[in-house]
Amino acid sequence: MDTISATSSSTRTLCDFLASIRYEQIPQPVIARTEELFLDWFASALAGKDARPIRVIEKFADEMGPRDGACEILVSRKKTSPMFAALINGAASHFVEQDDLHNSSVLHPATVVFPAVFAAAQSVGASGREFLAASIAGYECGVRVGEFLGRSHYKVFHTTGTAGKLAAAAGVAHILKLDGERMQHCLGSAGTMAAGLWEFLRDAADSKQLHTAKAAADGLMAAYIARDGFTGARKIFEGKQGMAAGMSSDADERWLTDGLGSRWATAETSFKYHASCRHTHPSADALLALMQAHKLKADDITSVTAHVHQGAIDVLGPVTDPQTIHQSKFSMGFVLALIANLGRASLADFTTDALKEKNLRAFHDKVKMTLDPVVDGAYPKRWFGHVSVVMRDGRTFDQRIESPKGDPDNALTRAELEDKAMRLASYANGANAAETKKIIARIWALHDEKDVADFLR
């Protein structure tokens, strides 16, 4: 990497690093992981096809944007401008709750980085290697901004809508080959637009998809206008009236430059195994392990206590009586009911019929969450799982896990990722099996692709 001045501000140090990233200097395992993350994102976007919130955003784009262009809308196979492709693909890829998550930043990077960078790369004719390097720049930026903003930020703000906007901006800025100075202006503009509040969970509103749509599209806008000379705040993160001042009470500036060039946060990103909010996954895996080990049956369980971190309570706590499929994915009780009764919480298990199913509802009512100091102390770097179960016959069981399935130290294999992609692509008929297999093969060879155009020819 280029030499970075020790006297620079943290914002500028980060920007110089992001601008200096080159494919040839990125470790090959990080490149391979980025291809895996891209496949996971691509299939997640296809699974959003025909979902009501996505159709609404598609209609908006059809009325407001061009009806042709270089950039693919994955759910409709139409083409449009970079901004509207980023908007729709960003929304679609976050709908079924199967896109990735980075633990310590509590950020879903793929759903904001890839829509923006993919659109920009298709627009300018970037190569596969340029696309991968730019995507990594987006991940490296977004993760550090999420870590910088801290736990207090996440209590009110959806970090994927806030830090995610910076992530998308950095990735597109890299595609456009902006230097450190213009990268700094780009992030300044993206940061002043950053938004996304959790209140929507109480109403089962559609805002979560709006957060990712706008993060991708606004991040792309910030990069394009910076390319043409539009200026932004130089200290958008640590300035006296910057993001930390307005959106956090525990921001730590050191995270912005943590391990630049040696720590590749992209490779720390986790894949989602269950089709639900990731705050439910540690408890789901712990309950599944416990039931399998002791051969327990759901009907014989009288109560389940999920020992969780505070972030889980903040996000899942408002959903006490899930009324929609999306709310059910943010209900600890409902997710654990699926695990207990079916042994899984897969995409096809979250249905309107399941919401009314008596056994699932009965089990939902047996579940409670409680704050666990050990689990909370490890969070967000580690997402420990811990459940306690009481049986009808008076027996009690306790189960702990250290890494949910999908974490880097409990990762999905490429075979498992391919299987997941096949299921996601077919979920809403986003792509047939033959098409998905071609997409998978192309993504595994992305580092040799001359361009990233026409994935769904």
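Reading guide: rules and limits
Residues numbered from 1 in each chain as written. Predicted model: local features only at pLDDT ≥ 70, side-chain atom pairs only at ≥ 80, totals over all residues. Heavy atoms only, no water. Helix = DSSP H or I, 4+ residues; strand = E, 2+ residues; numbered from the N terminus. Contact = heavy atoms within 4.5 Å. Buried < 20%, exposed > 50% of the residue type's maximum accessible area, 1.4 Å probe, protein only. Polar contact = N/O pair within 3.5 Å; in protein donor to acceptor, adjacent residues only side chain to side chain. Expected span 1.5 Å × (residues − 1). Phe/Tyr/Trp six-rings, centres within 6.5 Å; stacked < 30°, edge-to-face > 60°. Lys NZ or Arg CZ within 6 Å of the ring centre and 35° of its normal. Axes fitted to C-alpha atoms, helices over the stretch in contact; angles between N-to-C directions. Parallel < 35°, antiparallel > 145°, perpendicular 65-115°, else oblique. Left-handed = near helix turned anticlockwise from the far one by under 90°. Nonpolar A, V, L, I, M, F, W, Y, C, P; charged D, E, K, R; others polar. Pairing = 2+ DSSP bridges.

### Brief notes about the environment of Ala120
Logical step 1: Take Ala120: it is sitting in helix α5 (residues 110-124).
Logical step 2: For the pair formed by Ala120 and Leu176, sequence separation is 56 residues and the distance between their alpha carbons is 8.0 Å.
Logical step 3: Contact partners of Ala120, with chain neighbours within four places excluded, come to Val172, Ile175, Leu220 and Tyr224.

### What about the side chain of Thr80?
Logical step 1: The residue Thr80 is located in strand β2 (residues 79-80) in this model.
Logical step 2: What makes Thr80 buried here is its relative accessible area of 3%.
Logical step 3: Here Pro66 takes part through its backbone oxygen, which lies 2.9 Å from a polar atom of the side chain of Thr80.
Logical step 4: Setting aside its immediate chain neighbours within four residues, Thr80 contacts Pro66, Asp68, Gly69, Ala70, Cys71, Ile73 and Ala85.

### Comments concerning the environment of Phe271
Logical step 1: Structurally, Phe271 is set in the loop between α11 (243-247) and α12 (281-294).
Logical step 2: Given the relative accessible area of 0%, Phe271 is considered buried.
Logical step 3: Between the C-alpha atoms of Phe271 and Ala411, which are 140 residues apart in sequence, the distance is 7.4 Å.
Logical step 4: Look past the residues within four positions of Phe271 in its chain and what remains in contact with it is Arg33, Glu36, Leu37, Asp40, Arg278, Lys405, Gly406, Leu412 and Leu417.

### Things to note about unusual backbone geometry
Logical step 1: The linkage connecting Tyr379 with the following residue, Pro380, adopts the cis geometry, with an omega of 5°.
Logical step 2: The phi torsion at Lys177 lies on the positive side, around 60°, for a residue other than glycine.
Logical step 3: Residue position: Lys177 is located in the loop between α7 (159-175) and α8 (180-193).
Logical step 4: At Ala204, a residue that is not glycine, the phi angle is positive and equals roughly 55°.
Logical step 5: You can see Ala204 is positioned in the loop between α9 (200-203) and α10 (207-227).

### Comments concerning α10
Logical step 1: The first and last C-alpha atoms of α10 sit 30 Å apart over 21 residues, in line with the 30 Å expected at 1.5 Å per residue.
Logical step 2: In terms of burial, α10 is a largely internal element, 15 of the 21 residues being buried.
Logical step 3: Positive phi shows up at Gly229, right after α10, with a value of about 105°.

### A word on the packing of aromatic side chains
Logical step 1: Under the defined criterion, the tally for this structure stands at 22 aromatic pairs.
Logical step 2: Aromatic side chains Phe42 and Phe455 sit 5.4 Å apart centroid to centroid with 40° between the ring planes, which places their arrangement in the tilted category. With a gap of 413 residues between them, Phe42 in helix α2 (residues 28-47) and Phe455 in the segment after α20 (433-444) connect regions that are remote in the sequence. When sorted by exposure, Phe42 lands in the same class as Phe455, which is buried.
Logical step 3: Each member of the aromatic cluster is reached from another via a ring pair, and the members are Phe38, Trp41, Phe42, Phe114, Phe118, Phe131, Tyr139 and Phe455.
Logical step 4: The cationic tip of Lys329 hangs over the ring face of Phe350; the distance from NZ or CZ to the ring centre is 5.4 Å.

### Quick notes on the packing of α5 against α10
Logical step 1: Viewed as axis vectors pointing N to C, α5 and α10 meet at an angle of 45°, and their least axial separation amounts to 8 Å. The pairing of α5 with α10 is recorded here as oblique in orientation. Here α5 and α10 pass one another in a crossing that is right-handed. Here Thr111, Val112, Pro115, Ala116, Ala119, Ala120, Ser123 and Val124 of α5 lie close against α10, whose contacting residues are Thr212, Ala215, Ala216, Leu220 and Tyr224.
Logical step 2: Along the lines of polarity and charge, the residues of the contact of α5 with α10 split into ten nonpolar, three polar and no charged.

### Focus: the pairing of strand β3 (residues 301-308)
Logical step 1: Counting buried residues in β3 gives six out of eight residues, a clear majority hidden from the surface.
Logical step 2: Bridge analysis of β3 against strand β5 (residues 385-391) gives five bridges, and the strand direction is antiparallel. Counted as the bridge partner of Val304 is Val389 from β5.
Logical step 3: Here five bridges tie β3 to strand β4 (residues 367-371), and the two strands are oriented parallel to one another. When the sheet's bridge partners are listed, Ala306 is paired in β4 with Met369.

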